[in-house]
Amino acid sequence: GRGIVASPKLSKATERGTVVIYLCVGNGGNVTEARVQLRGTTAGASAQQQALANAKKWRFSKGELDKQCGTITYTFKLK
């Protein structure tokens, strides 16, 4: 139920695949925990690192719960 305040763009993809990031957000809207979720992830280490670094920069609206967790799925496509 939180809104997204900021979702920074990724740089160009260097490989194809999907990366699923599991993250938790504190009541202030900042990401407090993030890690690559192996289930559903098909991209290699480079894309995983890029997605993880990006996910840590996301900002969400403030909430009343101390911690809310979920996933973000990144799909990397080569052009």
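One can find the structure itself at the top, above this paragraph.
Here goes a summary of the coordinates provided.

Parameters at a glance
Sequence order sets the numbering: in each chain, residues are counted from 1 along the sequence as written. At least 70 in pLDDT is required for a residue's local features to be given in this predicted model, at least 80 for side-chain atom pairs to be given and counted, and no such filter applies to totals for whole chains, interfaces and linings, which use all residues. Side-chain calculation: all heavy atoms of the structure are included, whereas hydrogens and water are not. For this analysis, a salt bridge means a side-chain nitrogen from Lys or Arg found within 4 Å of a carboxyl oxygen belonging to Asp or Glu. Partly exposed describes any residue whose relative accessible area lies between the buried limit of under 20% and the exposed limit of over 50%, with all areas from a 1.4 Å probe on protein chains only and scaled to the type maximum. Comment: elements are numbered from the N terminus, with helices defined as DSSP H or I runs of at least four residues and strands as E runs of at least two. Take the buried residues of types Ala, Val, Leu, Ile, Met, Phe, Trp, Tyr and Cys, join any two whose side-chain atoms come within 4.5 Å, and each joined set is a nonpolar core. Throughout, a contact is declared for two residues whenever any of their heavy atoms are within 4.5 Å.

Quick notes on the pattern of salt bridges
A side chain of one charge can pair with a side chain of the opposite charge when the charged atoms of the two come close.
Moving on, step 1. For the structure on display, the rule yields 2 salt bridges.
Moving on, step 2. Linking E33 and R35 is a salt bridge whose minimum nitrogen-to-oxygen distance equals 2.5 Å.
Moving on, step 3. Since its relative accessible area comes to 28%, E33 is described here as partly exposed.
Moving on, step 4. Here K67 and E33 are joined by a salt bridge, their closest N and O atoms 3.7 Å apart. Placement of K67 in strand β5 (residues 67–76) and of E33 in strand β3 (residues 31–37) is noted, with a sequence separation of 34 residues between them.
Moving on, step 5. What you see here is one network of salt bridges that share partners, running through E33, R35 and K67.

A word on the nonpolar core
Moving on, step 1. In terms of nonpolar packing, the biggest core is built from 15 residues, with V19, I21, L23 and Y74 touching the most fellow members.
Moving on, step 2. Of all elements in the fold, only β2 (17–26), β3, α1 (45–55) and β5 reach the threshold of two or more residues within this core.
Moving on, step 3. Here the element with the most residues in this core is β2; it accounts for 4 residues.
Moving on, step 4. The residues touching L23, leaving out its near neighbours within four places in the chain, are V31, E33, A34, A55, F60, Q68, C69, G70 and I72.

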